[in-house]
Every structure is written in C-alpha cells, then in structure tokens.
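Residues per chain, in single letters:
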Amino acid sequence: MTLLWIPLLTLLGVLAPMCLERYGRNLCSLGTATPPAIALLLALNQVPALMAGEVPRIAISWIPQLGLDLAFRLDGLSLLFLTLILGIGLLIILYARYYLAPEEPFGRFNAYLMLFMLSMVGIVMADNLLLLWVFWEMTSLSSFLLIGFWSSQSDARKGARMALTVTGAGGLALLAGFLLIGDMVGSFNVGVVLDSADVILADPRYPIMLVLVLIGAFAKSAQFPFQFWLPHAMAAPTPVSAYLHSATMVKAGIFLLARLHPAIGDSAMWGWLVTLTGMTTFLYGGWFALLKTDLKGILAFSTVSHLGLITALLGIGSPMAILAALFHILNHATFKAALFMCSGIIDHEAGTRELAKLGGLRRAMPITALLMSLAAAAMAGVPLLNGFLSKEMFFKETLDAGLLGGLGWLLPLLATLGGVLSVAYSLRLVHSVFFKPAKTAPPKHPHEPPRLMRVPVEFLVMICVAVGLFPAVLATGLLNLATEAVLGRHLEFHLAIWHGVNAPLIMSLVALGCGVALYGVHPSIRRFVRQFATTDARMIFENSIQRLVARSQSLTERLENGSLQRYMSLLLGAALLLATLGLLELPQLAGGMPEGELDGVLILGAALLIFGALGTVVTHRYRLVSLLMLSVVGLVVSLTFARFSAPDLALTQLSVEVVTMILLMLALFFLPQKTPRESSAHRTIRDIALASALGMVVASLNYAVLTREIDSISRFFIDNSVPGGGGHNVVNVILVDFRGFDTLGEITVLAIAGLAIFKLLNRLRLFMPHSDAEGRVWSPDRYPMILTSVSQWLLPLALLVSVFIFLRGHNQPGGGFIAGLVTAVALILIYMARGVEWTQSRLDFPYQLVAIGGVAVATLTGLGSWLFGRPFLTSAFGHFKLPLIGEFELATAMLFDLGVYLAVVGATLMILANLGKVTTPHRPTKDAQPATSKEKS
Amino acid sequence: MLDTALWISLALILMALMLNVYRMTVGPSMPDRLLALDTMYVNSIALIVLMGLWLNSKTYFEAALLIAMLGFISTVAVCKYLLRGDIIE
C-alpha cells in the first residue's frame, strides 16, 4: 500500500498548487513540495526491504480484459530514478519560485510540473508494460504543456508541438513494440517479461519488436536521428529545461532501455543498434554543442551528447557498462540540472543567454561563476568530480566492448573524440560567460540571484563534488541496488578515483588536453563551418508537418465537403452496394415459408402508403402540403402496426405523429413556406435512380428475410418476460427491464436534448410574419370557443387514459412512454386553445424539473437494487392482495416506468411549450424562471 | 349476416379513404386538404374497429381510442396555423 502512495501523493501535488495559488507563492511552493517530499521519504523508507533482496509490488486489476493492471513495483532501478525525479523535482520547485515573473500563472506552472512528475514516477514504478506506456504518453502531454508554457511565443508553441509530435509518434511505435512483447510472453507484467528473455529472443518477431521499442526510447531520449526536437524544446522556461531535458524526461528512454535490457538486450542486434546510435549521438551532440552560441542551446546539445554516451553504454551491455550507465545517469542529472539552473540565473539576472552578449560575469556573480565552473568541470570529466568517474568507466568499457570485430579500436577512439568535444564545449561555456572580457554590456545590470534561488544549484554542485571525492561511500549503495535490479544478480564493484596509470586514465588526460587545445582553435572551426548552409531542423519539420496538414485537408475536403445530400448519397450508395452483393449470393429470393394471405384492406393500405410517400416527395417544395402527405404515411404506418399485432408500436406511432405535427407547425411559422428549387436536373435523375435502386434492393431483402425461418433472440424475451420480468407485455418488459439500461440512456438523452433546446431558445429573437404565405391577414379569433371548451373537457379524459395506459402497460399494450406522450399532447392542446397566459396561471411548473426528476426517479430505481446487493437496475416484482381491489402486481419496473413517463412529459413540454412561448412575453429566459412568477413578485 | 355487413362496410370505408386521398391531392385549398386528412383519421377509426370485428380481436381497440382522442389535435394544430400562424400564443 505504501507503494501506491508514492504516485498518489504526486497526484495530490497536482491539485495542491491550484488550491494554494491565491495564498501567495511561498505557501503555494511549500504546498506543492510537501507531497513529493513525503513520497521521496516513503520511497527511501523502502531501502531496507530492497537491501534484503525484496521487490515491493502492488497490483490492482484495472482492465483485466486488456491485461492492464494498476501495478507498481519498487526495485533498485526505480529507486534510483525516483530519487532523481523527486529529489531534483523538489529543487526545481524551489528554483521556479524565484524564476517565474510575478505576473505569470505560478499555480498552473506548478500543477503542470507535478503532472509531469506524476507521469515520470508512473513510468519508473510501473509493473505493467501497458501502464508504463500510459504514463509514457502522459509525459509527452505534460511536457507539451510545460514547453509551451509561454504560449504567447511562437518558438514555444512550435517547440512544444515538435516535441509532442516526435515523442508521441515514438510512443505509438513503443506501444506496438509492447503489444508484440505481450503477445510473445503472454503477459504485460514487467516481472514476467523480464524473466522471459529466452522466449522473446527466440521469437521470429524479435527484430521488429526491438526496432519499435528502440524507436520509442530513442525518440524520447533524443537519440540520433530524433535528436532534433530537444534543442527546440529549450523554448521552455529554464526550470522546465533543467527538469525535463536534463534530469528526467529525456532519461525516460534510457530508463526503458535499462528496464528492458534483461529481457531484450541480449542479442547482437541490440548491441549494434544501441551502441552505434549512442556513439553517433554522442559525437553529433558534442560537435553541435561546440558550435551553438546560445547558453541553453549548448546545454541542449551537450545533453543530447551525454544521452548518447549512456545509450552507448547500455548498448555495450556488459555488467560494468550497465553500472557505468547508471552511474552516469545519476552524475549527468546532477551536473546538468545545476548547469541549466545556472544558465537560467544568468538569463534572469543578465537578461540574455547569447554568448556574444555575455562575458566577464565573474565579477558581478562570483558565487554563480564558481558553481557553474564546478558543474561544467564535472561535465568535462575533470578529476575529483563525479563526471570524471563515470566518464572514465565509459572509456574503459569502450576498450572492452568487443564490438565491430577488427575495427574494435574505433570505439575507444570515437569515445575519446567525444570526450575532447565535451571538454571543449564545457570550457567554452564557462570561459565565454565568466572570464572572457565582455564586448558589449548585457541588457540588464548583472548581479547575484536571490539567495534561495541559488540553493538548489549549490546543493547539486555539492553532490557533484562529494560524489567525485568519495564515490565509494556515497554512490555505492544506490548503484548496488540499481545494478542488481537490471542484472538480476549482485555485482561486485569498487568505485575509486585512482586505478593507477591505465588506458582509460590516458584517454581522459588526452581528452582534457586536446579539449583545451580544441577550444583554443574553435573560432577558426566555427568560421570554417559557417561556409556550409545550415539546415534548421525546425524549418524542415514545420515544412513537412504543414505539407501533411495541407494534404490531409485536401483529402478531407474531397471526402467531406459539407453537402448533406452528398453524404446521404454516399451512405446510401454504400448500403446499396453491400446489400446488392449480399443478395447476389442468395440462391433464390423466396425462402421456404408460405406467403401470408392478401386481402383488399392490405392492398389498399399499401397503395395508400406508396401514394403518401410519393406525394410527400413530389410536393416537397410546398412544405405544408408535403407535411399533410407525410401524415398520411404516418397514419397508414400506425394502422399497419395495429394490423400486424404490434399495438404498442401503433400507439406510440400515433402519439408521435401528433407531437411531430405540433412541433412542425410551431417551427414552420418561422420558416419559409416554400423550399426554393435547388437540385439540378442531373442531380434529380441521380437521386431518383439511387432511391429506386435502393427501394428495390431493400424490398427484395425484406421479402427474402420474411419468407425464411430466422432464429432471432426474440424467443428469449418471449419466454422470460413473465418469469423474469413479471409482465405479459414483452415490449414493455424489454423496455423497462431487459433493456432498462438502454431506456435509461435514452430518456437521459431526451432530457438533455430538451434542456439544450430550452437553452437555445432563451436568447432567440425571431421574425414573425404578419400575414400568411398568400398575404391574408391572420384571423382575429385568437382562442376559438369550441376549441377552448373541447380542450378543457379532453384534458381529464386524456389524463385518465394515460393513467390507464401507464398502469396496465406492464401486461398489456401501453407503458410510460405512450402515457407520457398522451399527457403531453393533452397539455399542449390546452396551450393551443387557451394561450400561454391562461395556461401558465393555472399550470405553473417548470418542465425542466419534471424531465430531470423523471431521469432521477429512473436512476434511483436502478440504484435501489444496489441496496439489496443486486446489480444496477435489477427489477423485483410481487403479487399483493388488497380488499375490494383484489390481487394486483407491483414491480419496481413500474417505478422505472414512472421515471420514463415523467421524463417524456417534461422533455416534450419543455420543447413544445417553450417553442410556443417564443412569440409571447413568457418566452424562456436566461435564469430559467417563468415570466409570470416575476410579474407576481 | 354480420360477415356481409362487415364486408360491405369495409368496402365503403376503403372507398371513402380513397376519396379522402383524392381530395387531399387535388385540393384546391389548404382547408380542403386538411379536412381530407382529418376525415382519413375518422375513417381509420372505423377501419380499425371493423377490422377488430372481422378478425375477432380486442387489441385494435386502443389504437381506435387513441386516434379518436388525439387524432384531431394535429388537425387543430394545422387549423390554428392556417388561421393565426402562431399556434401557441
């Protein structure tokens, strides 16, 4: 359980800054830092268990069907990274407190930072590959937010987009790789995967999987050829660069390589791919770091270079190489984070990061100069600092790598060359900022930063020095645990500064000497390089992205041009094609079933139906006539339902017909009476052809289906309606019981639609015609007397009928839906006959609440079954006896049906009555209060 | 005897329905068409009840009841629309 608290606490840290922002920066920082600090203590508290050889784990099933568990583990590797993530994270929070300008949204920044921390913690602790991947993607997203934090700057937006695209695309490749691993091993559990190296290596899909996983890791860790996004991500605020781009996110790829090394690392392919990529990146980054003129640019490329170094070590893969890689991860994180923070301090206090504008700052900021020099010396690999130790181990491993066969001497040579470059750019960094005399004065008058802003840097540099002096005491414990986690066994090693005069030491000295010399000649190198045309990675990237977008857009426009007619014709055309293909496969149209008998009524009914449909189409430009024709269709359809023993459908269809007519009459008042002629002759022909073809095919399909024996699921419902649902009306039992959840969804949608219409109407100002289409003035008789009297008489009758339909609905035709429609129609009739004023003074209740109440009743009925330990919406029924009334049945389904009834009444009236009110002073208003109640008050 | 009566009534009702459709198609005015639709609803009630008698079934009754009770409301809505434009005022 402790394990779960580590990610949970960081999650809590996401909320803390948002809540505390208003209480000032100090409290906000403190509140943000507390949860990760506790999490760090919790993690360190696990050390004794780890020392004893345990691997604490926790697993909660999340989506077992996918093999996705909320599983966490804490082994030595996780611990190493957790220390980095949480420890440096805490320093960054302190640093950011002083870095961000007062007007910048501090709470939001901290929340993003914590979100990122959470995702990193998730990555390093995940005990399930899919979970790891989820957190992996979360780092891409949160780093997007962080890099683009200064969203007003085009650089920041583009850099963020590039980082997201590259790492996100890498993430997809990684997912594919993980899925392959899962398929090979049969589990996504990290522990199981690590134990299945033989299965994975023997699988024929191993090379594909390896390449996919490596693409993901390389994209994240900015390895060649994906290195280009990292320098552009430097548009981020410096705390972000220090955290994401030196200590954590870019190490996620390396973490993954280390994590999976036991499972997939034992092959020649791994050695070649990873080592060579790492070496290439090492040199590439070093070279460009020497050429850059922007402080953060230099640091970005040096990060690329050092990441390459670590990758190369992981590629070599011998136990000592793994140890060196882990050690360098630790060292690089400390000195690089310190350097980034120093560059942020310089930027903050001197106002620029351009080397050309800086110089001679050692007088203005002596302490920063000392700190940065020490960190840069660690980066260069100067003895007595931590960077020296791990770099020497790297040199040693390149000597022992055994790769490249006869060209094996190439690796140490390249490594030394990279060392030379890193000495040169480190020297350049420090020299040109602090020691070289300035050509121009910096934009701001430089001075030392606030005391506390320097504390994180001091702390990190102190670690650099201390580890450099006493490696055996300070680093052995953590590294022991971490290497044990990667190698699966204990590794005997001894970290020491002095190993005697040997090859690695000579390589180090050569690197130092040549590096100083290289810095001496680097102006001429830069002059030489300037002759080549520079290719800006961002231009290429933006260009290709924009071309991709343009191409997708043109494709989208070709498919989706906004013409509904076109979509409809495509949809129907596709349906036609598929149905035709299906029909062609049938041996003959008619099945074995005998045809039903035809009689005069049926024939005439069919004729009327066809005539009504054709009439609707032919008169479609005269809207009212067309509507009347459509009513004929509706009426005949209801009669057909009745004739073929579907009384529920018939009743529903009839009431829906009436409601539709009222709605259309309400709407038509505000609309043109005629549709202009829009279709070309060409299009008309096409549509007629399509419609007839589809009609013929669908008719044939119907005939084919109806003349065959089909085995459908309806038998189940008919058999179980009484024993399972307690009702004889199968349709109703399906609606309120078997498929109750669907119905609940539907009435929710209905209520939401009603609310949306209500909301849309409340600002609507409509043009009201003063005469009808032929120019006749409206009749002066607003409320005809016959209508008013009939409507009043009808209301109680209609209510009685709806109660009747509602109550018997469970066993005979009827139910809440029809009853609701009947009630709504009767009420609307009153509105029509008497007007809003009269009706509202007698019937004043907000329909929104009725509709919502209906949904609530239905939902609560469903929830009620939880009280009895049953699943949601389980229905219960029983038979009861009362004197006078006799035996009757009660079912919870009835309560559910009441919810349906209320929702239907509320939603229908909400739509119709409010649409009717648009022309009156009682129109829907923003505060959703009926107008009359305002007048009363 | 009943069968004959049913047969004759059904034939007459069907004829009436056809005439309704004729009036609806030909018009000439909107009220003509509207009345034709309303009459169709009324005739449908008769048709449903007759069918119920003929097929000896009670399930048709509710449909007839509902048409009788609600069918005229669409007519009212269209009438109000033709007379006043705004049907709820």
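Residues numbered from 1 in each chain as written. Chains lettered and ligands numbered in written order. Predicted model: local features only at pLDDT ≥ 70, side-chain atom pairs only at ≥ 80, totals over all residues. Heavy atoms only, no water.

Colleague: How should the overall build of chain B be read in this particular structure?
Modeller: Each helix and strand in chain B was counted, giving three helices and zero strands. The order of α-helices and β-strands along chain B, N terminus first, is α-α-α. Out of the 89 residues belonging to chain B, those deemed buried represent 53%. When contacts within chain B are restricted to residue pairs at least 6 apart in sequence, those whose partners lie at least 24 apart make up 48%. Of the roughly 4,100 Å² that chain B leaves accessible, carbon and sulfur atoms contribute 74%. (Helix = DSSP H or I, 4+ residues; strand = E, 2+ residues; numbered from the N terminus. Buried < 20%, exposed > 50% of the residue type's maximum accessible area, 1.4 Å probe, protein only. Contact = heavy atoms within 4.5 Å. Areas by Shrake-Rupley, 256 points an atom, 1.4 Å probe, with all protein chains shown as cover.)

Colleague: It is not clear to me how the packing of helix H6 (residues 129-147) of chain A against helix H13 (residues 249-264) of chain A should be interpreted in this structure. Could you clarify?
Modeller: Pairs of packed helices are described in terms of their axes, by the angle between the two and the distance that separates them. Residues and elements named next belong to chain A. Two elements in contact, H6 and H13, have axes whose closest approach is 11 Å; the angle formed by their N-to-C orientations is 165°. Taken together, the axes of H6 and H13 are roughly antiparallel relative to one another. Crossing hand, H6 versus H13: left-handed. Residue-level contacts link Leu129, Leu132, Trp136, Thr139 and Ser143 of H6 to Met249, Ala252, Gly253, Leu256 and Leu260 of H13. For the contact of H6 with H13, the per-class residue count stands at seven nonpolar, three polar and no charged. (Axes fitted to C-alpha atoms, helices over the stretch in contact; angles between N-to-C directions. Parallel < 35°, antiparallel > 145°, perpendicular 65-115°, else oblique. Left-handed = near helix turned anticlockwise from the far one by under 90°. Nonpolar A, V, L, I, M, F, W, Y, C, P; charged D, E, K, R; others polar.)

Colleague: Quick question: what am I supposed to make of the pattern of salt bridges here?
Modeller: Residue and element names in this part refer to chain A. Taken as a whole and judged by the stated rule, the model has 20 salt bridges over all chains. Glu458 is the partner of Arg451 in a salt bridge, and the nearest nitrogen-oxygen pair spans 3.2 Å. Relative accessible area serves as the criterion here: at 49%, Arg451 is assigned to the partly exposed category. Note that Asp687 is salt-bridged to Arg686, the shortest N-O span being 3.1 Å. Residue classification places Arg686 among the partly exposed positions, given a relative accessible area of 34%. (Salt bridge = Lys/Arg side-chain N within 4 Å of Asp/Glu carboxyl O.)

Colleague: Can you walk me through the environment of Gln792(A) in this structure?
Modeller: Residue and element names in this part refer to chain A. With respect to the element layout, Gln792 can be found in helix H33 (residues 785-808). Remark: the alpha-carbon pair of Gln792 and Leu827, spanning 35 residues in sequence, is separated by 9.5 Å. Excluding residues within four positions of it along the chain, Gln792 makes contact with Ile830, Arg834 and Trp838.

Colleague: For this particular structure, what's the right way to read the confidence of the model for chain B?
Modeller: Segments scoring low in pLDDT should not have their predicted coordinates read at a detailed level. Summary statistics for chain B give a mean pLDDT of 89 and a share of 100% for residues scoring 70 or more. Across the whole predicted complex the pTM is 0.67, and at the interface the ipTM reaches 0.96. (pLDDT = per-residue confidence, 0-100.)

Colleague: What's the story with the confidence of the model for chain A in this structure? I'm lost.
Modeller: Residue and element names in this part refer to chain A. In the predicted model, chain A carries a mean pLDDT of 86, and 98% of its residues have values of at least 70. Here helix H37 (residues 931-936) stands out as the least confident element of chain A, with mean pLDDT 42; helix H10 (residues 206-220) is the most confident, with 93. Throughout residues 928-937 the model reports pLDDT below 50, and contacts reaching past four residues in sequence, or to other chains, amount to 14 contacts.

Colleague: Just checking my understanding: could you explain the packing of aromatic side chains for this structure?
Modeller: By convention here, two paired aromatic rings are described through the distance between centres and the angle between planes. All names here are of chain A. Within this structure, the stated rule accounts for 19 aromatic pairs over all chains. An angle of 75° between the planes, with centres 5.5 Å apart, marks the rings of Phe716 and Phe717 as edge-to-face. Note on Phe716: relative accessible area 47%, which makes it partly exposed. Taking the relative accessible area as the measure of exposure, Phe717 reaches 10% and is therefore buried. (Phe/Tyr/Trp six-rings, centres within 6.5 Å; stacked < 30°, edge-to-face > 60°.)

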